[in-house]
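Structural features, examined
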Amino acid sequence: MAVCIFQEDLKAAPKRAPAWKPLLDDLVQLGDFHAKYKEFRILPTRGQLAAPRIMFLGLGKRGDFLLDTAREVGARVALTARDLKLRTAAVWVPPVKGVSPREAVGALAEGAALGLYEFREYKGEPKEGDDKRVAFEELRILDARAANEKGAKAVEEARIIAESTNLARTLIMRSSLDKPPEVLAKVAQAEAEKAGVKATVLAPAELKRLGLNALLGVGAGSVKPPRLVVLEYGAASKPAMLLCGKGITFDSGGISIKPADGMDRMKYDMAGSATVLGAILAAARLKLPVRIVAIMALAENMPSGSAIRPGDVLVAYNKKTIEVANTDAEGRLVLADALSYGVDKFKPAVAVDLATLTGAARVALGGIMTAVMGSDNRVIQSLIEAGRHTGDDLWQLPLNRSYEKQVQSDVAELRNQGIGGMAGAIVGGAFLKHFVDGTPWAHLDIAGTCWTEKGTAELQKEYLPKGATGIGVRLLVEWMRRYKA
Ligand code: BES
Ligand code: ZN
Ligand code: ZN
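Here's a quick rundown of the structure. If you're wondering where the values come from, they're calculated on a predicted model, not measured in any experiment. (Residues numbered from 1 in each chain as written. Chains lettered and ligands numbered in written order. Predicted model: local features only at pLDDT ≥ 70, side-chain atom pairs only at ≥ 80, totals over all residues. Heavy atoms only, no water.)

**Quick notes on the site of ligand 1**
Around ligand 1, the structure places 18 residues, and the nearest of them are Asp251, Lys258, Asp269, Asp328 and Gly359. At a separation of 2.7 Å, an oxygen atom of ligand 1 approaches a polar backbone atom of Gly359. The protein chains hide 82% of the 520 Å² of surface that ligand 1 would expose on its own. With respect to the pocket detection grid, ligand 1 is positioned in the second largest pocket. Class assignment of the residues belonging to the shell around ligand 1 gives a composition of five nonpolar, five polar and eight charged. (Near = heavy atom within 4 Å. Polar contact = N/O pair within 3.5 Å; in protein donor to acceptor, adjacent residues only side chain to side chain. Areas by Shrake-Rupley, 256 points an atom, 1.4 Å probe, with all protein chains shown as cover. 1 Å grid on protein atoms, 1.4 Å probe; cavity = no way out; pocket = protein on both sides within 12 Å on 5 of 7 lines; lining within 4 Å. Sits in = over half its atoms within 2 Å of the grid points. Nonpolar A, V, L, I, M, F, W, Y, C, P; charged D, E, K, R; others polar.)

**What to know about helix α13 (residues 424-432)**
Across the nine residues that make up α13, a large majority, eight, are buried. Residues of α13 that are buried: Ala425, Ile426, Val427, Gly428, Gly429, Ala430, Phe431 and Leu432. (Buried < 20%, exposed > 50% of the residue type's maximum accessible area, 1.4 Å probe, protein only. Helix = DSSP H or I, 4+ residues; strand = E, 2+ residues; numbered from the N terminus.)

**Examining the nonpolar core**
Counting residues in hydrophobic clusters, the biggest one holds 66 residues, and the most contacted among them are Leu243, Trp479 and Met480. The residues touching Trp479, leaving out its near neighbours within four places in the chain, are Met241, Leu243, Val350, Val352, Val379, Ser382, Leu383 and Ala386. Formed by 52 residues, the second largest nonpolar core is a distinct cluster that contains Leu228, Leu314, Ala361 and Leu397. (Core = buried A, V, L, I, M, F, W, Y, C linked by side-chain atoms within 4.5 Å. Contact = heavy atoms within 4.5 Å.)

**Quick word on the packing of helix α5 (residues 181-195) against helix α8 (residues 271-285)**
At a minimum axis separation of 9 Å, α5 and α8 run at an interaxial angle of 15 degrees. One element, α5, and the other, α8, form an angle in the roughly parallel class. The crossing of α5 and α8 is left-handed. Contacts from Ala188, Glu191, Ala192, Lys194 and Ala195 of α5 reach α8 at Leu277, Leu281, Ala284 and Arg285. By residue class, the composition of the contact of α5 with α8 is six nonpolar, no polar and three charged. (Axes fitted to C-alpha atoms, helices over the stretch in contact; angles between N-to-C directions. Parallel < 35°, antiparallel > 145°, perpendicular 65-115°, else oblique. Left-handed = near helix turned anticlockwise from the far one by under 90°.)

Given below as structure tokens:
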């Protein structure tokens, strides 16, 4: 079993000392444990407790406790148990002011399910005996106050949210060979069907008829043609919340081709679309009382004789003309069509898009925070607030008129690249603003945060394994729960 300890409680003498207290006291006396955040020790219990071993896990200072602390604890305990080839583990966290038992229990369960995630599709079956993967089954949460219906519901909800996040992670990790637009659209459709979400897939002929020429243009160089997936959940009588995701199944840069070094990472350029899929599936499974439309703009950006060229002009769904200054700024092109189509067709009360849009967002904020900007401060603030709750930290970038000049073109109404190459993340947002037709809107640039290399251990959260983070799914679920459209 795992017992979590605040620094302040290390030397406290409780009235009714729990059975593990002498073991802890010994550790403290030896100077072996200080309850620093994430510090832990495992001891055999020599029959003194029901469990054969006990793990003491430091929580740091009480005042620093966040829900994310509980998520990290859940992950750490589950991962340690798996390393020890255990099937189950129990964890106890002391009560904290301002955090309800329901919330704490949910966060522990969520952290465990997120932390245990592994992408093994290309690894083959684990070999006999080889393995920590002796299937860890259950993290039992010892909290008398949550051992009731409410607690069970919190755990069940956490499971749904973690599973939706892990689905997004899997799609992002998958090889581009195995997820061209047509295939990814089919996967989305199948998942939607299971969750009771309506799915419509638009193929090139239909896209052409409707005038989604920016999306078609981006996909024109590839032998794998684009798709637009439209997912709908909830009563049409309610005001819709529109979610749009960039879904470039591979971004080579096109004719403005990227350098070879690191190009393999561009399989994750569909993370935005995987995120909106995960979010709407979770909303449906949780039966949230909202109306959601999620659009995945899927295309592969490849160079070839049929590809669009720098200097080409495209006419987007809303009839705005776009000079393609750089074929590598393709995300804003597919989103231009997805947003303007979504806004026109569904007349949403609010729109949010997610995209691995710019290297500049990654340079500015690294893997720590997601850039957020938009046309409506209430939407932006509500997203930031939801992120505080889920541990998906957002940082707002400015988006005022001066930046909008950067996307003016000499030959068309807009150009897809800024002049001078400065403030790249903001210029991306300034471009997208032309496609929301005044709808209150926010744009999340997840280029830095959708993937983690586990390089900076002290900054790394325990529930984020190497690779796709699934950032945004939990954030959107929380946001949909709270937002009054
Ligand atoms: N998918 C990339 C952005 C990206 C880069 C995501 C690195 C994650 C890591 C995007 O399509 C792109 O290439 N953007 C260009 C835009 C520029 C040409 C205006 C960029 O950021 O360099
Ligand atoms: Zn690109
Ligand atoms: Zn891209």
